[in-house]
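Residue strings, one per chain:
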Amino acid sequence: QGFGKLVQFIAFISINLAIINLLPIPVLDGGHLLFFSIEAVKGSPVSLKVREVGQQIGLFIILLLVVLVFYNDIFRYFGDDIMKLFRWIGDKFSS
């Protein structure tokens, strides 16, 4: 039973990663597919400048997502303690 659950969990993570990887964000594979699709429709390659800007925007989106998830996790696990700390600091400075 334990090994079967582990295999199901690994399969779930792999499928989620594949779906995320196919999003049309330029840093990911879906972004490359988007550029290839544009190239196929347009008939000529996308300029290097456009690809560079797209990669930078895609990297910014990924980093923003990482920060958002990290923030959410921290406040989910330590939210009450952090709020108590902020109240304690506020009480010390307001007195």
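Note that the structure is a prediction, hence the values are computed from the model and not measured. (Residues numbered from 1 in each chain as written. Predicted model: local features only at pLDDT ≥ 70, side-chain atom pairs only at ≥ 80, totals over all residues. Heavy atoms only, no water.)

This part is about a nonpolar patch on the surface. On the surface, a cluster of nonpolar side chains totalling about 730 Å² of accessible area is made up of F3, L6, V7, F9, I10, F12 and I13. Structurally, the position occupied by F3 is in helix α1 (residues 2-21). We classify F3 as exposed; its relative accessible area is 64%. (Patch = residues over 30% accessible without salt bridge, like charges linked within 9 Å, V, L, I, M, F, W, Y side chains within 5 Å. Areas by Shrake-Rupley, 256 points an atom, 1.4 Å probe, with all protein chains shown as cover. Salt bridge = Lys/Arg side-chain N within 4 Å of Asp/Glu carboxyl O. Helix = DSSP H or I, 4+ residues; strand = E, 2+ residues; numbered from the N terminus. Buried < 20%, exposed > 50% of the residue type's maximum accessible area, 1.4 Å probe, protein only.)

Looking now at helix α2 (residues 29-42). An α-helix turns once every 3.6 residues. As a result, residues three or four positions apart point the same way. Under the 1.5 Å per step criterion, the end-to-end length of α2 is 20 Å for 14 residues, consistent within 8% with the ideal 20 Å. Within the sequence span of α2, burial applies to G30, G31 and F35. In an axial view of α2, the angular spread of the buried residues amounts to 145°, which keeps them on one side of the axis. Opposite the buried face of α2, by more than 90 degrees, sit the exposed residues F36 and A40. Next to the buried residues of α2 lie α1 and α3 (48-94). Of the residues one or two after α2, G43 is the one with positive phi, at around 90°. (Expected span 1.5 Å × (residues − 1). Arc of directions from axis to C-beta. Contact = heavy atoms within 4.5 Å.)

With that settled, the discussion passes to the environment of Q8. Along the polypeptide, Q8 turns up in helix α1. With a relative accessible area of 52%, Q8 lands in the exposed category. Residues Q8 and G31, 23 residues apart in the sequence, show an inter-C-alpha distance of 28 Å.

Turning to the environment of I62, a few remarks are in order. Looking at where I62 falls in the secondary structure, it is placed in helix α3. We classify I62 as partly exposed; its relative accessible area is 23%. Sequence spacing of I62 and I25 is 37 residues, and the spatial spacing of their C-alpha atoms is 8.4 Å.

Moving on to the packing of aromatic side chains. Following the criterion strictly, the structure yields one aromatic pair and no others. Ring geometry for Y71 versus F75: centroids 4.8 Å apart, planes at 45°, classification tilted. Of the two residues, Y71 and F75 are both situated in helix α3; the distance of four residues between them amounts to about one turn of the helix. Among the residues examined, F75 registers a relative accessible area of 29% and is labelled partly exposed. (Phe/Tyr/Trp six-rings, centres within 6.5 Å; stacked < 30°, edge-to-face > 60°.)

The subject of this paragraph is the confidence of the model for the protein. As a note on interpretation, predicted positions should not be read in detail where pLDDT is low. Here the protein averages 90 in pLDDT, and 99% of its residues register 70 or above. Per-element confidence in the protein is highest for α1, whose mean pLDDT is 94, and lowest for α3, whose mean pLDDT is 89. (pLDDT = per-residue confidence, 0-100.)

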